[in-house]
Amino acid sequence: MIDVIHAIWYQDVGFLQQYPHIWLLVLCLFLILMIESAFVFLPLPGDSIVIFGGALVGLGIVDPSVSIVVIPMAAAVGGYLAYEQGRWLEQRPSRFNIERLLPNGTLERAAELFRRRGILALFAARFLPFVRVLVPMLMGAARLSRRRFALVNAISAFCWAGCLGLFGAFVVNTPFYQEHSALIARAAVLLPLALFASAIIAVLYRHFRQQPPTLPSMSVDVPLTPAPQGEQSALDQNIEQDHTVR
């Protein structure tokens, strides 16, 4: 993989086209995108991964099936995992730990999107970081039909990946890219890393800065009233029997 990164950095397209283990790069793209689409506490650069995959297709480094099948499948699998998380986290106290990791207003925005658009919110949520994980989780918590969710989730994943993949393939075949290929290639490597590092720092900052809410202490004063006469006599008799030496 070091050779692949080196070739991307220096725009050695010929090396990448002849590299026998390019499937390892495709596998890494699949895993990163799947994890980014499934776990809200791992803010990986999903949009950049999809555009990068389309650029690889446009340069003839990988087969078009990577953008048509592999990357959309990764997004669909990740979305379904997020849905199952929502079902599992429903009514669990650990749900607050996830809310603490999100930027302010993200959960409310995802909930409003789901409330207004229903299952069609998946299409809009795909283009919004964090929200694309939260919306499937909210659908899982709402016990939306698995079959219905799986169908719309797959369609939205293919539409999202197709749009960004086509954009990446188009960019690498423009005169602008030919003039600034070295700068764009290095930005394609550094920008996702910078975004990932800044997102991790923000998540850790929010995690350690905010504390989970504590339940207010409630004290109940039970009035001590004397027992009725009959009950008091029975209590006295029991006490005397307990202290009787046989």
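For the structure itself, consult the block above.
Residues numbered from 1 in each chain as written. Predicted model: local features only at pLDDT ≥ 70, side-chain atom pairs only at ≥ 80, totals over all residues. Heavy atoms only, no water.

(A) Layout of the overall build of the protein chain. Of regular secondary structure, the protein chain possesses 13 helices and zero strands. Reading the protein chain from its N terminus to its C terminus gives the helix and strand order α-α-α-α-α-α-α-α-α-α-α-α-α. A burial count over the protein chain gives 36% of its 246 residues as buried. Partitioning the contacts of the protein chain with sequence separation of at least 6, the portion at a separation of at least 24 is 75%. Of the roughly 15,100 Å² that the protein chain leaves accessible, carbon and sulfur atoms contribute 66%. (Helix = DSSP H or I, 4+ residues; strand = E, 2+ residues; numbered from the N terminus. Buried < 20%, exposed > 50% of the residue type's maximum accessible area, 1.4 Å probe, protein only. Contact = heavy atoms within 4.5 Å. Areas by Shrake-Rupley, 256 points an atom, 1.4 Å probe, with all protein chains shown as cover.)

(B) Layout of the side chain of arginine 87. Inspection of the secondary structure assignment puts arginine 87 in helix H5 (residues 65–89). Despite its burial, arginine 87 pairs with no opposite charge; the closest candidate is glutamate 84, at 4.5 Å N-O. Ignoring sequence-local partners within four residues, the contact set of arginine 87 consists of Gly140, Ala141, Arg143, Leu144 and Arg146. (Lys, Arg positive; Asp, Glu negative; His and termini not counted. Salt bridge = Lys/Arg side-chain N within 4 Å of Asp/Glu carboxyl O.)

(C) A look at the packing of helix H3 (residues 22–38) against helix H4 (residues 46–58). One way to put it is that H3 packs onto H4 with a least axis distance of 9 Å and a crossing angle of 155°. On the basis of their axis angle, the class for H3 and H4 is roughly antiparallel. As H3 packs across H4, the resulting crossing turns out to be left-handed. Here Leu25, Leu29, Ile32, Leu33 and Glu36 of H3 come into contact with H4, specifically with Gly46, Ile49, Val50, Phe52, Gly53 and Leu56. Class assignment for the residues of the contact of H3 with H4 results in eight nonpolar, two polar and one charged. (Axes fitted to C-alpha atoms, helices over the stretch in contact; angles between N-to-C directions. Parallel < 35°, antiparallel > 145°, perpendicular 65-115°, else oblique. Left-handed = near helix turned anticlockwise from the far one by under 90°. Nonpolar A, V, L, I, M, F, W, Y, C, P; charged D, E, K, R; others polar.)

(D) Layout of the nonpolar core. Counting residues in hydrophobic clusters, the biggest one holds 27 residues, and the most contacted among them are Leu33, Val50, Leu56 and Val62. Mapped onto this core, the elements with two or more residues apiece are helix H1 (2–9), H3, H4, H5 and helix H10 (146–171). Ranked by residue count, the leading element in this core is H3, at seven residues. Setting aside anything within four residues of it in sequence, one finds leucine 33 in contact with Gly46, Ile49, Val50, Ile71, Ala74, Ala75 and Trp160. Core analysis: the second largest hydrophobic core is formed by 15 residues, Ala121, Ala125, Val135 and Leu144 among them. (Core = buried A, V, L, I, M, F, W, Y, C linked by side-chain atoms within 4.5 Å.)

(E) Structural detail: the packing of H4 against H10. Direction vectors running N to C along H4 and H10 enclose 55°, while the axes themselves pass 7 Å from each other. One element, H4, and the other, H10, form an angle in the oblique class. Every pair of crossing elements has a handedness; the one defined by H4 and H10 is right-handed. Only Trp160, Ala161, Leu164, Gly165, Phe167, Gly168 and Ala169 of H10 make contact with H4, whose side of the interface consists of Gly46, Asp47, Val50, Ile51, Gly54, Ala55 and Gly58.

(F) Molecular detail of the state of the cysteines. Taken as a whole, this structure holds zero disulfides when the rule is applied. With no disulfide partner, cysteine 163 has as its closest neighbouring cysteine sulfur the one in cysteine 159, 6.6 Å distant. (Disulfide = S-S within 2.5 Å.)

(G) Just the packing of aromatic side chains, in detail. Summed over the entire model, instances satisfying the criterion amount to three aromatic pairs. Each member of the aromatic cluster is reached from another via a ring pair, and the members are Tyr80, Tyr83 and Phe149. (Phe/Tyr/Trp six-rings, centres within 6.5 Å; stacked < 30°, edge-to-face > 60°.)

(H) Structural detail: the side chain of serine 37. Positionally, serine 37 belongs in helix H3. Exposure remark for serine 37: the relative accessible area of 1% places this residue in the buried category.

(I) Looking closely at unusual backbone geometry. The backbone phi angle of arginine 143 is positive, close to 60°, even though this residue is not glycine. Topologically, arginine 143 is positioned in the loop between helix H9 (131–141) and H10.

(J) Structural context of the pattern of salt bridges. Under the defined criterion, the tally for this structure stands at three salt bridges. Between glutamate 36 and arginine 132 there is a salt bridge; the shortest N-O distance is 2.9 Å. Here arginine 132 lies in helix H9 and glutamate 36 lies in helix H3, a separation of 96 residues in the sequence. Per residue, the accessibility class of glutamate 36 equals that of arginine 132, and both read buried. Among the charged side chains, a salt-bridge network with shared partners connects Glu36, Asp47 and Arg132.

Bear in mind that shape data such as this cannot, by itself, settle questions of function.
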